[in-house]
Amino acid sequence: MYRQILVPVDLNDKGFSDKAVELAVWHARQANAELHLLNVLPGIHMSMVSTYFPKDAAQKMKQDVAQQLKAFASEHIAEDVVYKVHVAEGKPYATILDYAEKLGADLIIMPSHKRSKIDKVVLGSVASKVVENSPINVLVVKPQG
């Protein structure tokens, strides 16, 4: 059914992405699909932001996050599931949608923070923006408990 499954992963919130990856692994096994784990960094290459960092800071940050994402993947994804890790920069929801298109993903499985109604109005929700704007299926995994 699905061939390419994209899973956005938030490494800053321990336990947040675990359930989404667990569900993605199950779907990948059922469909013999390839998983793509994606971590989106804020746009530190923007001229206003980049002036506050040394020139190689962005590259070092990406390398560090890639290593963390690989460690996360090896801990949560069994050896029989084919996966790749990706680190990108930009607005989270837009970058997730761009990667879905670039990878030819036919399913996005993503976690959703448990937020109050006020937080949703003030901050917006990456998951809700992805759902609203995605041309492909999006499975949102709600926090348990």
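Quick notes on the rules
Residues numbered from 1 in each chain as written. Predicted model: local features only at pLDDT ≥ 70, side-chain atom pairs only at ≥ 80, totals over all residues. Heavy atoms only, no water. Helix = DSSP H or I, 4+ residues; strand = E, 2+ residues; numbered from the N terminus. Salt bridge = Lys/Arg side-chain N within 4 Å of Asp/Glu carboxyl O. Pairing = 2+ DSSP bridges. Axes fitted to C-alpha atoms, helices over the stretch in contact; angles between N-to-C directions. Contact = heavy atoms within 4.5 Å. Expected span 1.5 Å × (residues − 1). Buried < 20%, exposed > 50% of the residue type's maximum accessible area, 1.4 Å probe, protein only. Core = buried A, V, L, I, M, F, W, Y, C linked by side-chain atoms within 4.5 Å.

Enquirer: An account of unusual backbone geometry is requested, with residue identities and associated values reported.
Expert: Residue Asn-32 is not a glycine yet carries a positive backbone phi of 55 degrees. Secondary-structure assignment places Asn-32 in the loop between helix H1 (18-31) and strand E2 (34-41).

Enquirer: For the pattern of salt bridges, give the residues involved together with the corresponding values.
Expert: All told, the structure shown has three salt bridges when counted by the stated rule. The salt bridge involving Glu-89 is made with Lys-62; its shortest N-O contact spans 3.7 Å. In this pair, Glu-89 sits in strand E3 (residues 83-89) while Lys-62 sits in helix H3 (residues 57-76), placing the two residues 27 residues apart along the sequence.

Enquirer: Tell me about the sheet that holds strand E5 (residues 137-141), and please be specific about residues and values.
Expert: The strand order across the open sheet built from five strands is E3-E2-E1-E4-E5, with neighbouring strands paired in parallel fashion. The open sheet has two free edges, formed respectively by E3 and E5, since each of these has just one partner strand. Put simply, the sheet's adjacent strands are angled 25 degrees from each other on average, direction ignored. Packing against the sheet, helix H4 (residues 92-103) makes contact with strand E1 (4-8), E2, E3 and strand E4 (107-111), and its axis sits at approximately 150 degrees to E2.

Enquirer: A description of H1 should follow, citing residues and the corresponding values.
Expert: An ideal rise of 1.5 Å per residue puts 20 Å on 14 residues; H1 measures up with 20 Å between its terminal C-alpha atoms. Taken together, the buried positions of H1 are Ala-20, Val-21, Ala-24, Val-25, His-27, Ala-28 and Ala-31. Looking at the buried residues of H1, the elements they touch are E1, E2, H3, E4 and E5. Of the residues trailing H1, Asn-32 is marked for its positive phi of about 55 degrees.

Enquirer: Which residues make up H4, and what values go with them?
Expert: In an α-helix, one full turn covers 3.6 residues, which means residues spaced three or four apart are oriented alike. The end-to-end C-alpha distance of H4, which contains 12 residues, comes to 16 Å, matching closely the 16 Å that a straight helix rising 1.5 Å per residue would cover. Buried residues of H4: Thr-95, Ile-96, Leu-97, Tyr-99, Ala-100 and Leu-103, and no others. At its buried positions, H4 is contacted by E1, E2, E3, E4 and helix H6 (126-133).

Enquirer: Talk me through the nonpolar core; I want residue IDs and the actual numbers.
Expert: In terms of nonpolar packing, the biggest core is built from 26 residues, with Ile-5, Val-7, Leu-35 and Leu-37 touching the most fellow members. Counting residues per element, the ones that place at least two in this core are E1, H1, E2, H3 and E4. If near-sequence neighbours (up to four positions away) are discounted, Leu-37 is found in contact with Val-7, Val-9, Val-21, Leu-69, Phe-72, Ala-73, Ile-77, Lys-84, Val-85 and His-86. Among the nonpolar cores identified, the runner-up in size contains 14 residues, and Leu-38, Leu-97, Ala-100 and Ala-105 belong to it.

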